[in-house]
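# Commentary on secondary and tertiary structure
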Amino acid sequence: MLFIFCAVLYFKSNLRSPEFISIEKIEYIETIGPEVFFNAHANFYNPNNFEAQILNSELELISKDLEVAKISQSNISKVKAHSNFNVEFKFKINLAQLSVSHGLSGVLANILSEEKEIPVHFTGYTRFRSRGQVYKIPIEFDQILKFK
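## As for the sheet that holds strand β2 (residues 35-46)
- Pairing within the open sheet is antiparallel, and its three strands lie in the order β1-β2-β5. Of all the strands in the sheet, the pair left with one neighbour each is β1 (19-32) and β5 (83-94). Between one strand and the next, the sheet's axes are offset by a mean angle of 20 degrees, whatever the strand orientation.
- Here β2 runs beside β5; their pairing, made up of 12 bridges, is antiparallel. Within the sheet, the bridge partner assigned to Phe38 lies in β5 and is Phe91.

## Things to note about the confidence of the model for the chain
- Residues of the chain with pLDDT of at least 70 account for 79%, and the chain-wide mean is 83.
- Predicted confidence is poor over residues 5-9, with pLDDT under 50, and the contacts of this stretch with residues over four places away or in other chains come to zero contacts.

## Comments concerning the sheet that holds strand β4 (residues 66-79)
- Spatially, the four strands line up as an open sheet ordered β4-β3-β6-β7, and their pairing is antiparallel. Each edge of the open sheet carries a strand with a single partner, namely β4 and β7 (133-147). The average angle at which neighbouring strand axes cross in this sheet is 15 degrees, direction not considered.

## Notes on the packing of aromatic side chains
- Enumeration according to the criterion identifies 10 aromatic pairs in this entry.
- An aromatic cluster of three or more residues is present, and its members are Phe20, Phe44, Phe85, Phe128 and Phe141.
- The ring of Tyr125 is capped by Lys136, whose NZ or CZ atom sits 4.4 Å from the centre of that ring.

## A look at the environment of Asp142
- Among the secondary structure elements, Asp142 is positioned in strand β7.
- For the pair Asp142 and Ser63, spaced 79 residues apart in sequence, the C-alpha to C-alpha distance is 9.7 Å.
- Not counting residues up to four positions away in its chain, the partners in contact with Asp142 are Val120 and His121.
- Within the local environment of Asp142, its side chain forms a polar contact with the side chain of His121, the two groups lying 2.6 Å apart.

## Let's talk about the pairing of strand β3 (residues 52-63)
- Judged from the 11 bridges that link them, β3 and β4 form a sheet pairing that is antiparallel. Each bridged residue has a counterpart across the sheet, and for Asn56 the counterpart in β4 is Ser74.
- Counting the residues in the hairpin turn of β3 and β4 gives two residues, including Lys64, whose phi is positive at 50 degrees.
- The sheet contact formed by β3 and strand β6 (residues 116-130) spans nine bridges and is antiparallel. If you follow Leu61 over to β6, its bridge partner there is Phe122.

What counts and what doesn't
Residues numbered from 1 in each chain as written. Predicted model: local features only at pLDDT ≥ 70, side-chain atom pairs only at ≥ 80, totals over all residues. Heavy atoms only, no water. Pairing = 2+ DSSP bridges. Helix = DSSP H or I, 4+ residues; strand = E, 2+ residues; numbered from the N terminus. Axes fitted to C-alpha atoms, helices over the stretch in contact; angles between N-to-C directions. pLDDT = per-residue confidence, 0-100. Contact = heavy atoms within 4.5 Å. Phe/Tyr/Trp six-rings, centres within 6.5 Å; stacked < 30°, edge-to-face > 60°. Lys NZ or Arg CZ within 6 Å of the ring centre and 35° of its normal. Polar contact = N/O pair within 3.5 Å; in protein donor to acceptor, adjacent residues only side chain to side chain.

Put into structure tokens, the structure is as follows:
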């Protein structure tokens, strides 16, 4: 009985939260009317000796102090021990809403250029479960979205 108690205590004390690394591979998908669709890949690392399970993600994209997109999705999948892994985020930005945050001159400059750029800040979290523990991994990351 003492062995089981010590083993449980050892494994619980050695569990560490998976780590957020970056958001990369932001892919412009398409523009339909005023909406621009993207995919992005968040990179994480699981430092534990155990598998983990990705549960869900909740994020906001902020541009010039205005929320321009919201991500709320379930990502149930397994993550290997001591591994780097990605979580794919799908989101859309409404250009009409964006014009409020960037002002008329910013919108006109973007309309006249072939490739448009929008600075955004990703903020939120992704939740994981490992050995019965649930972790909320905070995400804070700045990125430039490019699209046509």
